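Tertiary structure, described
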Amino acid sequence: MRRFCFLPLLLLFLVSCNQSGIGIFYSISREQPLEDATLPNAVSVSGMVKGTSKYYVCAGGLYSRDIQAELDAPWSDKVPTPSAELSLCIKLVKFGSKMYGLFTNYDATVTAIYSSGLDTVAWEEAGSFDKPIVALAASGTYLFATVREDYATYVTKRSTDGFATMTSLSLEGQYTAVTDAEDFLAETWLLSGTKLYSGTDITYAPVTGTDVPSSSGGFGGVYASASLACLFVSSAAGKVYCTQDGTTWVVSAVTDSNDEPVALFDIEEVPVLDADVILVGAKNGYYDIVFENGYTQGFSLQTPGTAEAGEFSSSDANYLNIDLRTSVVRFFFVDKASNTLFACTSGNGLWINPISGATADTLVRKWDRQ
Amino acid sequence: MKKLTALPALLLFVFAAVNAYAQDETIDIYGIGDQTFSINAGTILPLFIFGVDGTSVGGFSKLTVGAAGSLRWTTFLNNEMTIGVDVGGMFALTKLDRVLIMLPVSGMFTYAIRFYPFEVLLQAGLGVSFTKLDDDLYIGPVLKPGASFYWNYSGEWSFGVQADYWFVPEIYFGSKVPAEQSAFGNFLGITLTTLYHFQ
């Protein structure tokens with residue numbers, strides 16, 4: 001009988017309260033130091049564009065860096081803004097052969113959209129808006145700007161010529177700005193708060209029905225994958241929806257260690273070896289979407305760098321040890337020419353992951369700071 | 001060159017002075033019921049991490065030299081042997097500036113070898129280590145063999161240096177952390193120590 005008294009003592013010897021899913025010493029033994037360039041680490045990145053020879057990042061101010069430079073090459077904060085008054089950039093998108101910036105003054109009483117060429121920065125005012133502009137988004141076909149008519153009335157305008165001419169859209173039940181847009185199946189899909197709109201004309205109705213994307217907390221992002229022929233939509237309720245025909249949706253959800261839904265943000269795609277990996281930003285880093293038995297059968301959201309994320313994960317295991325894992329990743333930017341992935345965070349700067357290697361043995365997919 | 005030749009002479013002088021001082025002291029014979037309390041502080045060297053997958057990673061390539069310390073109480077079983085408790089702690093930084101913290105609580109057994117005014121304590125400890133990194137906590141066994149070298153300043157006070165080997169297994173069975181991520185941390189603590197002897 002006495003020997004059983006030692007059993008609780010033995011159990012006490014092996015107790016783990018592990019949040020990360022990775023062993024402590026194992027984690028340390030696999031850890032790699034981070035490169036860190038000169039972009040301030042605490043900035044919130046709200047827009048990124050690849051120019052002819054430079055990357056441009058909108059993070060309050062504007063920053064630029066040579067595309068061909070090394071990982072730790074310095075960023076310049078000398079990129080001009082349209083004027084001394086309009087010195088804050090709150091969104092930067094590429095449309096056609098130009099980049100468009102939404103600029104504001106310090107108390108947000110003056111807003112304007114400016115455009116510039118991609119080789120050198122020379123801002124020109126794009127369009128004339130008589131109300132405050134609160135959001136700027138681009139799909140492949142249209143550029144969208146949302147203005148606030150009054151406290152609770154928003155109007156979204158679209159343009160194909162940089163707002164030289166623009167058309168006001170009628171979005172049924174619109175109560176906030178259009179924050180993301182994609183073209184899929186000859187329709188334009190728009191995200192605006194808790195509503196997902198689709199349409200081809202100037203009148204858009206929310207997607208309704210059973211088993212369609214919905215979120216009381218709002219949607220995070222929409223992405224159309226040409227390679228997978230799927231439209232992905234993420235939500236603040238921790239769900240990712242996918243459709244191939246625009247009517248039938250497959251859904252997967254992710255929760256945190258307390259079984260609470262993880263707020264999800266924008267979605268991107270990056271090739272890893274010969275697979276197209278879909279990524280979704282989250283309030284706690286980001287997730288790889290792993291397809292089960294082909295992408296039409298279902299999918300799950302997995303933490304990059306884990307065994308569950310598989311051999312095509314967008315990151316190595318060092319992701320599990322770095323601050324990016326606990327950052328709010330609002331969106332990604334992919335330089336398709338160099339297969340370089342950028343994670344744009346709120347309050348934790350810009351991260352870079354140049355993915356290279358043709359085989360699993362030579363694959364390099366390590367995140368570093370910018 | 002003169003400095004070098006003077007060094008042995010200086011050491012000889014110090015040794016002679018200490019020895020002469022010690023002759024004036026009563027040689028203290030510890031007995032059952034006597035107790036000691038010691039405070040240790042110094043550094044801890046990360047030697048290597050050995051994984052169950054057969055990999056071994058040098059500790060210095062992954063961790064900084066850390067700080068370590070402990071408080072130890074022992075009681076004598078006879079003139080040479082003691083048992084007691086050691087409560088320690090260490091921290092070191094990883095390559096990503098994460099802080100590894102280990103707090104071992106060990107039962108200690110020591111055996112004393114004396115050549116007055118010096119003594120060497122051979123010690124072995126077995127206990128529980130609270131190992132923390134970021135939000136992860138692991139409570140597991142720790143084995144701490146080591147040795148201390150003391151100079152007995154008086155019947156109550158001794159000063160010296162202590163070396164402890166920290167063997168910290170981290171065993172997983174695959175429920176949340178894969179079993180193949182089980183690993184063994186190996187560290188060497190080198191600390192200055194002050195010991196107080198009382199009854």
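Residues numbered from 1 in each chain as written. Chains lettered and ligands numbered in written order. Predicted model: local features only at pLDDT ≥ 70, side-chain atom pairs only at ≥ 80, totals over all residues. Heavy atoms only, no water.

1. A few points about the sheet that holds strand 23 (residues 275–282) of chain A
Residues and elements named next belong to chain A. What counts is decided by this rule: Pairing between strands requires that DSSP locate at least two bridges from one strand to the other. In DSSP terms, a helix is any run of H or I states spanning at least four residues, a strand is any run of E spanning at least two, and both are numbered starting from the N terminus. Whenever a helix is involved, its axis is fitted only over the stretch in contact; in every case the axis is a line through C-alpha atoms, and angles between N-to-C directions fall within 0 to 180 degrees.
The four strands lie next to each other as 22-23-24-25, forming an open sheet whose pairing is antiparallel. Looking at strand neighbours, the two that pair on one side only are strand 22 (264–272) and strand 25 (299–302), the edges of this open sheet. Direction aside, neighbouring strands of the sheet carry axes that sit 30° apart on average. Across seven bridges, the pairing between strand 22 and strand 23 is antiparallel. Looking at the pairing, Ile267 lines up with Val280 of strand 23.

2. Observations regarding the packing of aromatic side chains
Rules: By convention, a stacked pair of Phe, Tyr or Trp rings (six-membered ring in the case of Trp) has centres within 6.5 Å and planes under 30 degrees apart, an edge-to-face pair has planes over 60 apart, and any other such pair is tilted. Burial status follows relative accessibility: with a 1.4 Å probe on protein chains alone, a residue under 20% of its type maximum counts as buried, one over 50% as exposed, and anything between as partly exposed. Here, a charge over a ring is recorded when the distance from Lys NZ or Arg CZ to the ring centre is within 6 Å and its angle to the ring normal is within 35 degrees.
What the rule picks out here adds up to 27 aromatic pairs over all chains. Summarising the aromatic geometry, the rings of Phe95 of chain A and Tyr100 of chain A are spaced 6.4 Å apart at their centres and angled 65° between planes, so their arrangement reads as edge-to-face. The buried category is assigned to Phe95 of chain A, whose relative accessible area is 8%. Considering the side-chain rings of Phe129 of chain A and Phe163 of chain A, the 5.3 Å spacing of their centres and the 70° angle between planes classify their relative orientation as edge-to-face. With Phe129 of chain A in the loop between strand 8 (124–125) and strand 9 (133–138) and Phe163 of chain A in the loop between strand 11 (153–159) and strand 12 (167–168), the pair connects residues that are 34 residues apart, well separated along the chain. Considered together, Phe129 of chain A and Phe163 of chain A belong to a single accessibility category, that of buried residues. A connected cluster of aromatic rings, assembled from ring pairs, spans Trp151, Tyr153, Trp157, Phe159, Tyr196 and Phe198 of chain B. Directly above the aromatic system of Phe331 of chain A lies the positively charged group of Lys91 of chain A, at a separation of 5.2 Å from the ring centroid. A cation over an aromatic ring shows up here: Arg330 of chain A above the ring of Phe265 of chain A, its NZ or CZ 4.5 Å from the ring centre.

3. Thoughts on the side chain of Thr306 of chain A
Defined as follows: For the purposes of these results, a polar contact is taken to be a pair of N or O atoms within 3.5 Å, where, inside protein, one atom must be able to donate a hydrogen and its partner to accept one; residues adjacent in sequence count only when each atom of the pair is a side-chain atom.
Mapped onto the fold, Thr306 of chain A is located in the loop between strand 25 and strand 26 (328–335). Within the structure, Thr306 of chain A has its side chain in polar contact with the backbone oxygen of Thr303 of chain A (distance 2.6 Å).

4. A word on the side chain of Thr104 of chain A
We count it as follows: Residue contacts follow a heavy-atom distance rule, with two residues in contact if any of their heavy atoms lie within 4.5 Å.
With respect to the element layout, Thr104 of chain A can be found in strand 6 (residues 98–104). Apart from the residues within four sequence positions on either side, Thr104 of chain A is in contact with Glu85, Leu86, Ser87, Leu88, Ile90, Val110 and Thr111 of chain A.

5. Section: the nonpolar core
As a reminder, the rule being used: Each nonpolar core is a collection of buried residues, namely Ala, Val, Leu, Ile, Met, Phe, Trp, Tyr and Cys, held together in the definition by side-chain atoms within 4.5 Å.
Of all hydrophobic cores here, the largest spans 21 residues; its most connected members are Val270, Leu324 and Trp367 of chain A. Broken down by element, the residue count for this core peaks at three residues, all from strand 26 of chain A. When near neighbours in sequence (up to four residues on either side) are disregarded, Trp367 of chain A contacts Leu34, Tyr286, Ser315, Tyr319, Ile322, Leu324, Leu341, Phe342, Ala343, Trp351, Ile352 and Asn353 of chain A. Core analysis: the next-biggest nonpolar cluster, separate from the first, contains 20 residues, Ile44, Ile49, Val168 and Ala183 of chain B among them.

6. Section: the sheet that holds strand 7 (residues 111–117) of chain A
Picture the strands of a sheet paired through backbone hydrogen bonds; they go either parallel or antiparallel. Residue and element names in this part refer to chain A. Spatially, 5-6-7-8 is the arrangement adopted by the four strands of the open sheet, whose pairing is antiparallel. With partners counted over all chains shown, the strands left at the sheet margins are strand 5 (88–95) and strand 8, one partner each. Two strands pair when backbone bridges link them, and strand 7 and strand 8 are joined in this way by two bridges, in the antiparallel orientation. The residue of strand 8 that forms the bridge with Tyr114 is Glu125.

7. Digging into the environment of Thr75 of chain B
Mapped onto the secondary structure, Thr75 of chain B falls in strand 3 (residues 66–76). With near-sequence residues (within four places) excluded, Thr75 of chain B lies in contact with Gly33, Asp34, Gln35, Met81, Thr82 and Ile83 of chain B.

8. Some details on the pairing of strand 6 (residues 118–133) of chain B
Residues and elements named next belong to chain B. Taken together, the 16 bridges between strand 5 (residues 99–115) and strand 6 define a ladder with antiparallel strand orientation. Residue pairing for strand 6: Pro104 is matched across the bridge by Ser129. Between the antiparallel neighbours strand 5 and strand 6 lie two residues. Pairing analysis gives 16 bridges linking strand 6 to strand 7 (residues 136–152), with the strands arranged antiparallel. Bridged to Leu122 within strand 7 is Ala147. The antiparallel pairing of strand 6 with strand 7 creates a hairpin that spans two residues between the two strands, and Asp134 there sits at a positive phi of about 55°.

9. A word on the interface of chain A and chain B
Much of the literature gives interface size as the accessible area that the parts lose upon coming together. The condition that has to hold: When two components associate, each loses some accessible surface as probed by a 1.4 Å sphere; the sum of these losses over both components is called the buried area. The salt bridge criterion pairs a side-chain nitrogen of Lys or Arg with a carboxyl oxygen of Asp or Glu, the two atoms within 4 Å. Three categories are distinguished: nonpolar for Ala, Val, Leu, Ile, Met, Phe, Trp, Tyr, Cys and Pro, charged for Asp, Glu, Lys and Arg, and polar for the others, with Gly belonging to the last.
In this complex, chain A contributes 26 residues to the contact, which on the side of chain B involves 37 residues. Across the chain A/chain B interface, buried area totals approximately 2,700 Å², and carbon plus sulfur atoms make up 63% of it. Our enumeration of links across chain A and chain B arrives at two salt bridges. With a closest N to O distance of 2.5 Å, Glu31 of chain A and Arg98 of chain B form a salt bridge. Along the contact surface separating chain A from chain B lie 11 residue pairs in polar contact (both at pLDDT 80 or more). Among the elements of the structure, strand 1 (15–17) and helix 2 (24–30) of chain A are those that each provide at least two residues to the side of chain A that touches chain B. The element contributing the most residues to the side of chain A that touches chain B is helix 2 of chain A, with seven residues. Partitioning the side of chain A that touches chain B into residue classes produces 13 nonpolar, 11 polar and two charged.

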